[in-house]
There are 2 protein chains.
Amino acid sequence: MAKVAIMGFGTVGSGVYEIIKDNASRVAENAGEALETKYILDIRDFDDHPDKHLFTKDVNDIINDSEVSIVAEVMGGLHPAYEFTKSMLMAGKSVVTSNKELVATYGTELLGIAEEKNVNYLFEASVGGGIPVLRPLSRCLAANNITRIAGILNGTTNYILYEMFTNNKSFNDALADAQANGYAERNPAADIEGHDACRKIAILASLASGVEVDAERISTEGIVDITLDDVKCAEAAGGVIKLIGYADIADGKVYSHVAPMFIKNDNMLSGINGVFNGILITGDAVGDVMFYGAGAGKLPTASAVVADMVDSAIHSSRRKLIGWKKPETDIMDDGAEKSFRYLIRCKNTEQEIMALTNTGIVYNENGTVAFTTEAMTAKECTTLSDKLGKVESAIRILD
Amino acid sequence: MAKVAIMGFGTVGSGVYEIIKDNASRVAENAGEALETKYILDIRDFDDHPDKHLFTKDVNDIINDSEVSIVAEVMGGLHPAYEFTKSMLMAGKSVVTSNKELVATYGTELLGIAEEKNVNYLFEASVGGGIPVLRPLSRCLAANNITRIAGILNGTTNYILYEMFTNNKSFNDALADAQANGYAERNPAADIEGHDACRKIAILASLASGVEVDAERISTEGIVDITLDDVKCAEAAGGVIKLIGYADIADGKVYSHVAPMFIKNDNMLSGINGVFNGILITGDAVGDVMFYGAGAGKLPTASAVVADMVDSAIHSSRRKLIGWKKPETDIMDDGAEKSFRYLIRCKNTEQEIMALTNTGIVYNENGTVAFTTEAMTAKECTTLSDKLGKVESAIRILD
């Protein structure tokens, strides 16, 4: 019997509590022992809860209870999640989390403490909700050098773009719709400006490369500038636009960005609809593999948290080798030399475009023209756009 | 340093040898120690091979060498793979394999011996080639009761069906094409009659349920009767036909079949093209997750074999909890009570069909009519077909 604690009784926390209770036999079978919730930490009152005796407002109750060996941190936010996690690890308890902000910001330090204390710090739920992706990335693909990751990592923005493409809604209407359906926060900045996806690609790229990829240094663009004109042009070019967390790893360097990208309809990522997530990983031996599922939601996310608790119970005596280190040299590639093809939308004439580039026009209606370029650097794309003078958008193509 | 042996130097075996050599640093980093190939077992001569000193024709060289702790069995076939694997496990060596026939047939016994000897018997490469699916199924989804598995598990048949749908080739032409491209054996029976997919769904269902699912008792149908008329009707109904390994688990019972199924275009499995595989797994907490990638091929499959070798090295002191037991009671559900919707193709008139069922006609050309039914048992479908008298095919729908 492993005694566990849950820090934070919000959506995910209550899901963790329910799964431990409702799926007890499956969990025990897989963990090799039963899990029992001994504490739930939350500053709010839950006097009507059937298990109200489990609730505490004092984190020290958990820290000082040597019987508790595994703690789920599902509070979200940086503080006090950071301080609480650190205290638990220092006290020799394994911690599992769904908190991508914390992992992306303090992951390297917390992984170091976990290693020192010979306990686990696991965070499968921080990327892709319930989709198994971090463990497959680090374990099942252990024989591969990972060369590229391209993921639809944020369900809110995928829902908005899907509504724009499928139901011809404007960005603002699709956002309002997402908010009405509970898929977007009242303050949606973290999603629509790409910050949430940025934290997740930072975690994926760190795991894939084995060294910390600094989220602050990932060029991050959201979807707020995507218009129905872009939608029309993308459809004419035989694809869709998705917000992509992108990383490539070559010669010990990592290049990463978050941006809307054009994806042809024959790429599996183009079929990820609504709030779903999909992560395409390329290894030098395995080629492309993709992981798909619900990227958020109470029970999907909670099921990944509980799976990490199960893994912590199994590995109580020997910690999991999953994580990354601080790099010894600067491993971030600023992307100045990276080339992408672009889908460009402009108000130029076909003749003006043909005079500067010989690639194909895909759309020409009511004075709006779209074409795809050869692969070029961002600087070359800016030069081309300046020459044309009437470019309205330039979207990188995921090839 | 872990010393390893490779049994069988065919396509996968030579891939295993190459990955251990070429990706040595990534492998060592993940395993916590380097892997070194000490023996390669094959009855053929490889006198020109640069590492010819590693080759042996005598399995006892490996069995009797206590330095060898991990063995990859990539010979294929039942014998002598079974005897060799048993000897290795008895000698206290971990064995990893890509041999689905062996795992589906003797897996329960070999897992029992591995448990007794406290070594690993791992077989990620036996299903889905390089796609991580068995480990995610048993570990990442450890908090879920798995309720359903539906997988495109055989690349050869998926290629044939894809060619029939995309390029309007007949079954025979598509098969000849697959053979010419090296995607199908000269004797393609194991693929096109569904036996290969049957072994794989037996392994998946055994892992998901925790008890042995007998491949011999899985109703298995291939794709040899699928015609271009079926293709036309499926397209008219808004979907495609895929060979599906199917299992559902409810109340401790497992129902499983392998059969061509109709899949609507909005289901992720419909987008799995060419020789690729995709496995859709449903858990009670996580909902649907899908795993996608190359289901065969030298390096993809070998990368899964080497990942299992890495895992064996990590877990040399404590074996992985992955496998299943003999069931105490009969857990196989014969499916008599299972209901599916059907896509039916017949030569009846719309009037004759409407007199017997009120569901929608999706196709009516040149005397061929297709319609989809409500959910019904196989027996009810037979009764309906008998009444109509002119039914040419009845394909289950994956809902």
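Details of the structure are given in the entry above.
Residues numbered from 1 in each chain as written. Chains lettered and ligands numbered in written order. Predicted model: local features only at pLDDT ≥ 70, side-chain atom pairs only at ≥ 80, totals over all residues. Heavy atoms only, no water.

Novice: What am I meant to see in the environment of Ser94 of chain B here?
Specialist: Residue and element names in this part refer to chain B. Its location among the elements puts Ser94 in strand S5 (residues 94-97). What makes Ser94 buried here is its relative accessible area of 6%. A sequence separation of 24 residues divides Ser94 from Asn118, and the C-alpha atoms of the two residues are 8.8 Å apart. Residues within four places of Ser94 in sequence aside, it is in contact with Ser69, Ile70, Val71, Val119, Asn120 and Ser312. Polar contacts involving the side chain of Ser94 include one to the main-chain amide nitrogen of Asn120, which spans 3.0 Å. (Helix = DSSP H or I, 4+ residues; strand = E, 2+ residues; numbered from the N terminus. Buried < 20%, exposed > 50% of the residue type's maximum accessible area, 1.4 Å probe, protein only. Contact = heavy atoms within 4.5 Å. Polar contact = N/O pair within 3.5 Å; in protein donor to acceptor, adjacent residues only side chain to side chain.)

Novice: Would you mind showing me how to read the interface of chain B and chain A here?
Specialist: When the parts of a complex come together, some accessible area is lost, and that lost area is often taken as the interface size. Across the boundary between the two partners, chain B contributes 46 residues, which contact 46 residues of chain A. Interface area, chain B with chain A, both sides summed: about 4100 Å², of which 55% is carbon and sulfur. Joining chain B to chain A, the criterion identifies 2 salt bridges. Asp311 of chain B is paired through a salt bridge with Arg139 of chain A; the nearest N and O atoms lie 3.4 Å apart. One can count 20 residue pairs in polar contact (both at pLDDT 80 or more) joining chain B with chain A. The set of elements that each furnish at least two residues to the side of chain B that touches chain A consists of helix H2 (24-31), helix H6 (134-140), strand S12 (287-294) and helix H12 (298-314) of chain B. (Buried area = accessible area lost by both parts, 1.4 Å probe. Salt bridge = Lys/Arg side-chain N within 4 Å of Asp/Glu carboxyl O.)

Novice: Looking at this structure, how should I read the relation of the copies chain B and chain A?
Specialist: Comparison of the two chain copies shows a relationship of rotation about an axis with a shift along it. At an RMSD of 0.0 Å, chain B and chain A line up after a rotation of 180° and a shift of 0.0 Å along the axis. Taken together, the rotation and translation describe the operation of a two-fold axis. By C-alpha distance to the rotation axis, the residue of chain B lying nearest is Phe291 of chain B, at 2.5 Å. Here 100% of the contact residues of chain B are again contact residues in chain A; the copies associate through an equivalent surface. (Least-squares fit on C-alpha atoms with pLDDT ≥ 70 in both.)

Novice: Which parts of the structure should I look at to understand the packing of helix H1 (residues 11-22) of chain B against H12 of chain B?
Specialist: For any two helices packed against each other, one specifies the crossing angle of their axes together with the interaxial distance. Residues and elements named next belong to chain B. Where H1 contacts H12, the two axes come as close as 8 Å, and the packing angle between them is 60°. Overall, the two elements H1 and H12 adopt an arrangement that is oblique. As H1 runs across H12, the sense of the crossing is right-handed. Residues Thr11, Val12, Ser14, Gly15, Val16, Glu18, Ile19 and Ile20 of H1 form the contact with H12, whose participating residues are Lys298, Leu299, Thr301, Ala302, Ser303, Val305, Val306 and Met309. Classifying every residue of the contact of H1 with H12 by side-chain character gives 9 nonpolar, 5 polar and 2 charged. (Axes fitted to C-alpha atoms, helices over the stretch in contact; angles between N-to-C directions. Parallel < 35°, antiparallel > 145°, perpendicular 65-115°, else oblique. Left-handed = near helix turned anticlockwise from the far one by under 90°. Nonpolar A, V, L, I, M, F, W, Y, C, P; charged D, E, K, R; others polar.)

Novice: Which parts of the structure should I look at to understand the sheet that holds strand S5 (residues 94-97) of chain A?
Specialist: Adjacent strands of a sheet pair through backbone hydrogen bonds, lying either parallel or antiparallel. Residues and elements named next belong to chain A. One open sheet holds the 6 strands; their spatial order is S3-S2-S1-S4-S5-S6, and the pairing between them is parallel. If you trace the sheet from one side to the other, it starts and ends with strand S3 (55-56) and strand S6 (121-122), each paired once. As judged from the 2 bridges shared by strand S2 (residues 35-41) and S3, these two strands associate in the parallel manner. Its bridge partner lying in S3, Ile40 is registered against Phe55. Sitting on the sheet, helix H1 (residues 11-22) touches strand S1 (2-7) and S2, and the angle it makes with S1 is about 160°. (Pairing = 2+ DSSP bridges.)

Novice: Looking at this structure, how should I read the pairing of strand S10 (residues 253-264) of chain A?
Specialist: Looking along a regular strand, one sees side chains alternate from face to face of the sheet. Residue and element names in this part refer to chain A. Most of S10 is tucked away: 10 of the 12 residues are buried. The sheet contact formed by strand S8 (residues 219-220) and S10 spans 2 bridges and is parallel. Within S10, the position partnered with Ser219 by the bridge is His257. Sheet topology note: the strand S9 (residues 239-250)/S10 ladder contains 12 bridges and is antiparallel. Across the sheet, Tyr246 pairs through a bridge with His257, a residue of S10. Remark: 2 residues form the turn of the hairpin made by S9 and S10, two consecutive strands paired antiparallel; Asp251 in that turn has positive phi of roughly 50°. As paired strands, S10 and strand S16 (residues 391-397) are joined by 2 bridges and run parallel to one another. Among the inter-strand pairings, Phe262 is bridged to a residue of S16, identified as Ile397.

Novice: Help me understand the sheet that holds strand S1 (residues 2-7) of chain B in this model?
Specialist: Residue and element names in this part refer to chain B. Spatially, S3-S2-S1-S4-S5-S6 is the arrangement adopted by the 6 strands of the open sheet, whose pairing is parallel. In this open sheet, the two edge strands, each paired with only one partner strand, are strand S3 (55-56) and strand S6 (121-122). Pairing analysis gives 6 bridges linking S1 to strand S2 (residues 35-41), with the strands arranged parallel. Opposite Ala2, over in S2, you have Leu35 as the bridge partner. Set on the sheet, H1 makes contact with S1 and S2; between it and S1 the angle comes to about 160°.

Novice: Any chance you could explain the state of the cysteines here in plain terms?
Specialist: Simply put, disulfide is the name for a covalent bond between the sulfur atoms of two cysteines. Within this structure, the stated rule accounts for 0 disulfides over all chains. This cysteine, Cys381 of chain B, is not joined by any disulfide, and Cys346 of chain B carries the nearest cysteine sulfur, 11 Å off. (Disulfide = S-S within 2.5 Å.)

Novice: So what exactly am I meant to see when it comes to the packing of H2 of chain B against H12 of chain B here?
Specialist: Residue and element names in this part refer to chain B. One can describe the packing of H2 onto H12 by two numbers: an axis separation of 9 Å at closest approach and a directional angle of 35°. Helix-helix and strand crossings are classified by hand; for H2 and H12 the assignment is right-handed. Each of Val27, Asn30 and Ala31 in H2 lies in contact with H12, whose residues at this interface are Val306, Val310, Ala313 and Ile314. Split by residue class, the contact of H2 with H12 holds 6 nonpolar, 1 polar and no charged.

Novice: Teacher, can you tell me more about helix H10 (residues 195-209) of chain A here?
Specialist: Residues three or four positions apart in an α-helix share a direction because the helix packs 3.6 residues into each turn. Residues and elements named next belong to chain A. When the terminal C-alpha atoms of H10 are compared, their 21 Å separation across 15 residues agrees well with the 21 Å that a helix rising 1.5 Å per residue should span. A large share of H10 lies buried, amounting to 12 of its 15 residues. Among the residues making up H10, those that are buried are Asp196, Ala197, Cys198, Lys200, Ile201, Ala202, Ile203, Leu204, Ala205, Ser206, Leu207 and Ala208. After H10 finishes, the residue Gly210 shows a positive phi value of roughly 85°. (Expected span 1.5 Å × (residues − 1).)

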